[in-house]
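Notes for the structure review
Listed below are the residues making up each chain.
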Amino acid sequence: MEQDTIEKSIGYQIMVQRATQAAIWAMPGVALVDFIKATRRDLGGDYGDVLYLTKPFDSKHGFLTANDVTAYAWSNISIANGPMIVDVPAASDKVSYFGSFVNAWFQPIEDVGPAGADKGKGAKYVLVADTYDGAIPDGYIVLKFDTYDIGFAFRPRLYNGATDVDAAEYAQTIKIYSLAEASNPPPTKYIHVNPIAFNSLPTYDHTFFEDIDHLIQNNPVRKQDKVMVTLLEDLGIVKGKTFNPSEIQKKAIKEGTELAWETLQTNFFTPGKTMVPLWQGKTQWQVWKFREGQPQLGFPFENKEKIFIDDRANLFFFITYLPKYLGGGTFYLNGLKDSEGNLFNAKDTYKLNVPKDTPANDFWSVIVYSNKTKGFIKNAPRLGLSSRNTDTMVANDDGSYDIYFGPNPPKGKEANCIPTGEDFFLLFRLYGPKTKDFYKTWMLGDVEKL
């Protein structure tokens, strides 16, 4: 059969549809796979290594909407060969952690640090498969997973004049080893990421389905995923076999993956699909949309009757780690449009006024992200600004700060400007919001086009 005839056939169209739906279904899993792929490709690391920063990320680092303010520590872990231990240090007078362990689908299993299971006292967390029936000695916090691939990302909170270097030293007290080696743990490998171009952003091409294949080959097939795993066989992904798609499968995968990206991109910008207004009718700022009951359940993106595949994909299209418990560590405002309701673009210059009384106990931050990749804008000399930059920014007479976005900051306000370079969106974060309902008495004004 000729190529053009094949592409018009019902069988080919079914393959494209299955590729589209598979890409949407696998969105969170692919994002975690890309963490381990980047660790191996860019850093020469592997499962069980601790990656750390001595200063925040810059534009050579590719992460979905990470911040450029804190020195993260993170890792990928596999429990395919048995239980693994992560020894999380106790909070000190300089540093503590806020972060989560997640399964391969980015479902948070437990939080760590003062807001997590160890309450800031530190603990040895033992990570086991939910089918594991072996003995576990006393003294561990046991976390059960329905996948073998696991990730964690810990954000340091700094006290008493501590610096990012203190956070880096603290990260190098995390230890990872197997339960079988608990009596004589081998040294953990630590990798300093700052100097290296590390890129974990998903790409919507053939590599997306290579990531799906990694997800299937390296994890048990969960009951709720059996239907999709069966349909993936039409695209060349079969558990236990090498992924070697035919030319027609490759073409269907390319077409389907591109359609999935277009779908998720459309949902990102469509009101009510992924985000909802915080101050309805008063500003353009939005917050993430969570289906009723999901935060209380710890974001499994399912209930007894349904799996919320679209909800899950819409969110993990641009974020990664959600906490197990929503409790005031951070609060995010999404900015997509200016005060007139138009999407931000690369050619115009915009202004945001950040009030003096912005209710963040730790600090506030605003960062520019690429509309296309949902990561930092590449080669940008500055990614964001925060209340930690007030020593160099120009303040207004009332103590507020005007932040500018675009190619042409007003003269004398260069230190207050974040360059764009391409169409963008914003995340305004409040770290340590003063109350859980601060937005009832405080409001951030719109971004105005100059």
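Residues numbered from 1 in each chain as written. Predicted model: local features only at pLDDT ≥ 70, side-chain atom pairs only at ≥ 80, totals over all residues. Heavy atoms only, no water.

**Digging into the pattern of salt bridges**
Two side chains that carry opposite charge are able to pair once their charged atoms sit near each other. Evaluation of the coordinates by the stated rule reveals 16 salt bridges. Across the pair Asp-225 and Arg-222 runs a salt bridge whose closest N-O atoms are separated by 2.7 Å. Judged by its relative accessible area of 7%, Arg-222 is buried. Here the residues in one salt-bridge network are Asp-146, Arg-222 and Asp-225, joined through shared partners. (Salt bridge = Lys/Arg side-chain N within 4 Å of Asp/Glu carboxyl O. Buried < 20%, exposed > 50% of the residue type's maximum accessible area, 1.4 Å probe, protein only.)

**Examining the packing of aromatic side chains**
Inspection of every chain in the model, using the stated rule, returns 45 aromatic pairs. Taken together, a centroid distance of 4.9 Å and an interplanar angle of 25 degrees make the contact between Trp-288 and Tyr-332 stacked. Taken together, the residues span a long stretch of sequence, with Trp-288 in strand β12 (residues 286-288) and Tyr-332 in strand β13 (residues 330-335) at a distance of 44 residues. Accessibility expressed as a relative area gives 24% for Tyr-332, which makes it partly exposed. When the ring centre of Phe-268 is taken as reference, the NZ or CZ atom of Lys-374 above it lies at 4.7 Å. (Phe/Tyr/Trp six-rings, centres within 6.5 Å; stacked < 30°, edge-to-face > 60°. Helix = DSSP H or I, 4+ residues; strand = E, 2+ residues; numbered from the N terminus. Lys NZ or Arg CZ within 6 Å of the ring centre and 35° of its normal.)

**Description of the UniProt feature "domain: DUF1254" (unreviewed entry) in the protein chain**
Mapped onto the present numbering, the UniProt feature "domain: DUF1254" (unreviewed entry) falls on residues 59-177. The straight-line gap between the two end C-alpha atoms of residues 59-177 is 32 Å; of that span, 7% is helix and 42% is strand. (UniProt positions renumbered as here; feature names shortened; annotations may be inferred.)

**Observations concerning the layout of surface pockets**
Its boundaries defined by the atoms lining it, the largest pocket holds a volume of some 1100 Å³. The wall of the largest pocket is formed by 40 residues, among which Trp-288, Pro-323, Leu-326, Thr-330 and Tyr-332 lie closest to the centre. Counting residues per element, the ones that place at least two in the lining of the largest pocket are β4 (95-103), β8 (149-158), β12, β13 and β19 (424-433). Examining the composition of the lining of the largest pocket, we find that four residues originate from one element, β19, more than from any other. Among the residues forming the lining of the largest pocket, the class breakdown is 27 nonpolar, ten polar and three charged. (1 Å grid on protein atoms, 1.4 Å probe; cavity = no way out; pocket = protein on both sides within 12 Å on 5 of 7 lines; lining within 4 Å. Points joined across faces, edges and corners; volume = space filled by probe spheres on them. Nonpolar A, V, L, I, M, F, W, Y, C, P; charged D, E, K, R; others polar.)

**Examining the side chain of Ser-365**
Along the chain, the position of Ser-365 falls in strand β15 (residues 360-370). Looking at Ser-365, the relative accessible area reads 0%, which means it is buried. Setting aside residues no more than four positions away along its own chain, Ser-365 makes contact with Asp-68, Val-69, Leu-385, Ser-386, Leu-427, Phe-428, Arg-429 and Tyr-431. (Contact = heavy atoms within 4.5 Å.)

**Describing the nonpolar core**
In this structure, Trp-74, Phe-209, Ile-212, Leu-333, Ile-403, Phe-405 and Phe-428 are the most contacted members of the largest nonpolar core, which totals 104 residues. Residues within four places of Trp-74 in sequence aside, it is in contact with Phe-35, Asp-49, Val-50, Leu-51, Leu-53, Phe-57, Phe-63, Phe-152, Ala-153, Val-193 and Phe-198. Counting 27 residues, the second largest nonpolar core, distinct from the first, contains Tyr-125, Phe-152, Phe-154 and Ala-168. (Core = buried A, V, L, I, M, F, W, Y, C linked by side-chain atoms within 4.5 Å.)

**Focus: the UniProt feature "domain: DUF1214" (unreviewed entry) in the protein chain**
Taking the UniProt record as the reference, the feature "domain: DUF1214" (unreviewed entry) is found at residues 330-434. For the annotated span residues 330-434, helix accounts for 0% and strand for 40% of the residues, and the straight-line distance between the end C-alpha atoms is 10 Å.

**Here's the deal with the sheet that holds strand β20 (residues 448-449)**
The mixed open sheet is built from four strands, whose spatial order is β18-β17-β14-β20. Strands at the two margins of the open sheet, each flanked by one partner only, are β18 (417-418) and β20. Judged from the two bridges that link them, strand β14 (residues 350-354) and β20 form a sheet pairing that is antiparallel. Across the sheet, the residue bridging to Lys-351 is Glu-448, located in β20. (Pairing = 2+ DSSP bridges.)

**A few points about helix α9 (residues 309-316)**
Within α9, burial applies to Arg-312, Ala-313, Asn-314, Leu-315 and Phe-316. Elements that come into contact with the buried residues of α9 comprise α2 (10-25), α3 (27-43), α7 (247-269) and β12.

**Considerations on the environment of Ala-19**
Structurally, the position occupied by Ala-19 is in helix α2. For the pair Ala-19 and Gly-399, spaced 380 residues apart in the sequence, the C-alpha separation amounts to 53 Å.

**Let's talk about empty space enclosed by the protein**
Summed over the entire model, instances satisfying the criterion amount to two cavities of 30 Å³ or more. Roughly 80 Å³ of volume is contained in the largest cavity. Trp-25, Trp-105, Thr-147, Leu-215, Ile-216, Asn-219, Pro-220, Val-221, Arg-222, Asp-225 and Val-229 together form the lining of the largest cavity. Taken as a whole, the second largest cavity holds about 70 Å³ of empty space.

**As for the sheet that holds strand β5 (residues 108-112)**
Backbone-to-backbone hydrogen bonds join strands into a sheet, with any given pair of strands oriented parallel or antiparallel. Spatial strand order, β5-β4-β8-β2-β1-β10: six strands in an open sheet with mixed pairing. Either end of the sheet is taken by a strand with one partner, and the two such strands are β5 and β10 (190-192). If you compare each strand with its neighbour and ignore which way they point, the axes differ by 20 degrees on average. Relative to strand β2 (residues 73-78), α3 is tilted by about 105 degrees, and along the sheet it contacts β1 (50-52), β2, β4, β8 and β10. Against the sheet, helix α4 (residues 164-171) contacts β1, β2, β4, β8 and β10, and its axis sits at roughly 50 degrees relative to β4. (Axes fitted to C-alpha atoms, helices over the stretch in contact; angles between N-to-C directions.)

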